[in-house]
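Spelled out from the first residue to the last, the chains are:
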Amino acid sequence: MPHAETTGVEATPRTRLRWWTELPLILLVYACYSAGRLLARGDVSTAVDHGLAILDIEKALYLNAEHPLNRLFTSEPWIGVPADFWYASLHYLVTPVLLVWLFRSRTVHYRAARTWLMTSTFIGLIGFTLMPTCPPRLLDASHGFVDTMAQYSSYGWWGGEASAPRGMGGMTNQYAAMPSLHVGWALWCAVVLWRYGGTRLAKAAGVAYAVITTIVVMGTANHYFLDAAAGAAVMGVGLLLAPHVMRTADRVRARIATQVATARSATAATAASPSIAADAADAHSSGTPVSVGSGDSTSSIVSGGCQTSAGERIPRQRESGFGAETEPSASPQDAGDGAPAAAR
């Protein structure tokens, strides 16, 4: 497929993926997000400083999309209320739905797309932890921003604390503004629909979803313009790193499989060794040669206490004990000429 080649990611999975192996990855991401939330909670002053620094940079670059959009969403409920619903719900619905759709209908592309999304998300979580940033809605009112989700909270299930349901605002990281994963995930959805949607309507829906999400996060005062740009940049870096992540995962999986196979072989050999040792002990006590191999090609370890091969009867052969030479007694089958019976 050309799409897989353009990403530089191996699309076809080496092993069949199962939902019960995919679910722990989602739980791992949420655990890392929770850890970042706890780390940023006690550093509010630094987060505010980072937010103000972003405003200063945007002012120097003549970027000011947030203020006019926020004023529009605040003054026009018919725009602001749907935008709040968009922000509070689609981020948590569209991305998982597309993941499930890829898993079921575009299996050969699922692993590459999932790895790209997970890698980018981890990069974003690192950004949240290292650079906690206060969103515009939490800045002092003198900076000119209004929290539309708090203004229109009576219309939805959320309260005055971000997009979490009422009473659960403490479960969100309200200082995870830089980068904007709302924009990053929306961009991922747009690329997935553009490449694998199959119809013009799906492609158009993907592009519209990414563009509207970018406008919504600024109009609701949840993100700065540079947050949105950083979210797109994070997805680009994740796309470049995804092939390396997949190859590393393949190597780790192969190494683990080799170690498991080696351990199983060692266990099987240990279980079989007592019976082999018992057979060797019985053969030694009875003087019976112990043969190795199969068919007619056999060799003896010890034959009758002497260092000879099986079936040999050599006169004056050397004993294995102390090197004494002895004359073996004649067997009843030997004739008077002294030659072994086998020779006749």
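## Description of the overall build of the protein
For the protein, the helix and strand inventory stands at ten helices and zero strands. In the protein, of all internal contacts separated by at least 6 residues, the share reaching a separation of at least 24 is 74%. Accessible area for the protein stands at about 19,700 Å²; split by element, carbon and sulfur atoms hold 65% of it.

## Notes on the pattern of salt bridges
Applying the stated criterion to the full structure yields three salt bridges. Asp147 serves as the salt-bridge partner of Arg137, at 3.3 Å between the closest nitrogen and oxygen. Of the two residues, Arg137 is situated in the loop between helix 6 (107-130) and helix 7 (148-151) and Asp147 in the loop between helix 6 and helix 7; the sequence distance between them amounts to ten residues. When the shortest N-O distance is used, the salt bridge between Arg253 and Asp250 registers 2.9 Å. One end of the pair is Arg253 and the other is Asp250, both in helix 10 (residues 225-286) and three residues apart, which spans about a single turn.

## Notes on the nonpolar core
Residues Leu102, Leu117 and Trp188 are the most contacted members of the largest nonpolar core, which totals 25 residues. Every element with two or more residues in this core is listed here: helix 5 (77-105), helix 6, helix 8 (181-196), helix 9 (200-219) and helix 10. Looking at this core, the element that brings in the most residues is helix 8, giving nine residues. In this structure, Trp188 is in contact with Thr95, Leu98, Leu99, Leu102, Ala113, Trp116, Leu117 and Met235, ignoring residues within four places of it in sequence. In this structure, Phe73, Tyr87, Ala88 and Val216 belong to the second largest nonpolar core, which totals 13 residues.

## Concerning the environment of Phe73
Mapped onto the fold, Phe73 is located in helix 4 (residues 66-75). Judged by its relative accessible area of 5%, Phe73 falls in the buried class. Measuring from C-alpha to C-alpha, the distance between Phe73 and Gly219 comes to 6.0 Å, with 146 residues separating the pair along the chain.

## Brief notes about a nonpolar patch on the surface
Judged by side-chain polarity, Trp194, Val207, Val211 and Ile215 come together as a nonpolar surface patch covering roughly 360 Å² of accessible area. Ranked by residue count, the leading element in the nonpolar patch is helix 9, at three residues. Topologically, Trp194 is positioned in helix 8.

## Let's talk about the packing of helix 5 against helix 8
Packing of helix 5 against helix 8 leaves a shortest axis separation of 10 Å and a crossing angle of 35°. Between helix 5 and helix 8 lies a crossing whose hand is left-handed. Between helix 5, through Tyr87, His91, Tyr92, Val94, Thr95, Leu98, Leu99, Trp101 and Leu102, and helix 8, the contact on the second element is made entirely by Leu181, His182, Trp185, Trp188, Cys189, Val192, Leu193 and Tyr196. Grouping the constituent residues of the contact of helix 5 with helix 8 by class yields 14 nonpolar, three polar and no charged.

## Some words on the side chain of His182
The residue His182 is located in helix 8 in this model. A polar contact is formed between the side chain of His182 and the backbone oxygen of Tyr87, at a distance of 3.3 Å. Setting aside residues no more than four positions away along its own chain, His182 makes contact with Tyr87, His91, Tyr92, Thr213, Val217 and His223.

## Thoughts on the packing of aromatic side chains
This structure, assessed with the given rule, holds three aromatic pairs. Note on Phe103 and Tyr110: the rings are 5.1 Å apart at their centroids and 80° apart in plane angle, and the pair reads as edge-to-face. Residue class for Tyr110 comes out buried when judged on its relative accessible area of 6%. We note Lys203 situated over the ring of Trp194; from NZ or CZ to the ring centre the distance is 5.1 Å.

## Re the environment of Ala228
Note on placement: Ala228 falls in helix 10. A C-alpha to C-alpha distance of 8.1 Å links Ala228 and Leu181, two positions 47 residues apart in sequence. Not counting chain neighbours up to four residues away, the residues in contact with Ala228 comprise Ser180, Val183 and Thr214.

## Regarding helix 4
Side chains that are three or four residues apart share a direction in an α-helix, a result of its 3.6 residues per turn. Those residues of helix 4 lying buried are Glu66, His67, Leu69, Asn70 and Phe73. The arc enclosing the buried residues of helix 4, seen along the axis, measures out at 165°, which places them on a common side.

## Digging into unusual backbone geometry
The omega torsion across Met178 and Pro179 is 0°, close enough to zero to call that bond cis. Inspection of the secondary structure puts Pro179 in the loop between helix 7 and helix 8. Of note in this structure, Tyr62 is not a glycine but carries a positive phi near 60°. Inspection of the secondary structure assignment puts Tyr62 in the loop between helix 3 (44-60) and helix 4.

## Let's talk about helix 9
Taking 1.5 Å as the rise per residue, helix 9 with 20 residues should run 28 Å; its terminal C-alpha atoms sit 28 Å apart, in good agreement. Just past helix 9, the residue Ala221 takes up positive phi, approximately 65°.

## Some words on the packing of helix 8 against helix 9
Running from amino to carboxyl end, helix 8 crosses helix 9 at an angle of 170°, the nearest separation of the two axes being 7 Å. Classified by the angle their axes make, helix 8 and helix 9 are roughly antiparallel. Between helix 8 and helix 9, the contacting residues are His182, Val183, Ala186, Leu187, Cys189, Ala190, Leu193 and Trp194 on the first element and Ala202, Lys203, Ala205, Gly206, Val207, Tyr209, Ala210, Thr213, Thr214 and Val217 on the second. Classifying every residue of the contact of helix 8 with helix 9 by side-chain character gives 13 nonpolar, four polar and one charged.

Thresholds applied
- Residues numbered from 1 in each chain as written.
- Predicted model: local features only at pLDDT ≥ 70, side-chain atom pairs only at ≥ 80, totals over all residues.
- Heavy atoms only, no water.
- Helix = DSSP H or I, 4+ residues; strand = E, 2+ residues; numbered from the N terminus.
- Contact = heavy atoms within 4.5 Å.
- Areas by Shrake-Rupley, 256 points an atom, 1.4 Å probe, with all protein chains shown as cover.
- Salt bridge = Lys/Arg side-chain N within 4 Å of Asp/Glu carboxyl O.
- Core = buried A, V, L, I, M, F, W, Y, C linked by side-chain atoms within 4.5 Å.
- Buried < 20%, exposed > 50% of the residue type's maximum accessible area, 1.4 Å probe, protein only.
- Patch = residues over 30% accessible without salt bridge, like charges linked within 9 Å, V, L, I, M, F, W, Y side chains within 5 Å.
- Axes fitted to C-alpha atoms, helices over the stretch in contact; angles between N-to-C directions.
- Left-handed = near helix turned anticlockwise from the far one by under 90°.
- Nonpolar A, V, L, I, M, F, W, Y, C, P; charged D, E, K, R; others polar.
- Polar contact = N/O pair within 3.5 Å; in protein donor to acceptor, adjacent residues only side chain to side chain.
- Phe/Tyr/Trp six-rings, centres within 6.5 Å; stacked < 30°, edge-to-face > 60°.
- Lys NZ or Arg CZ within 6 Å of the ring centre and 35° of its normal.
- Arc of directions from axis to C-beta.
- Expected span 1.5 Å × (residues − 1).
- Parallel < 35°, antiparallel > 145°, perpendicular 65-115°, else oblique.

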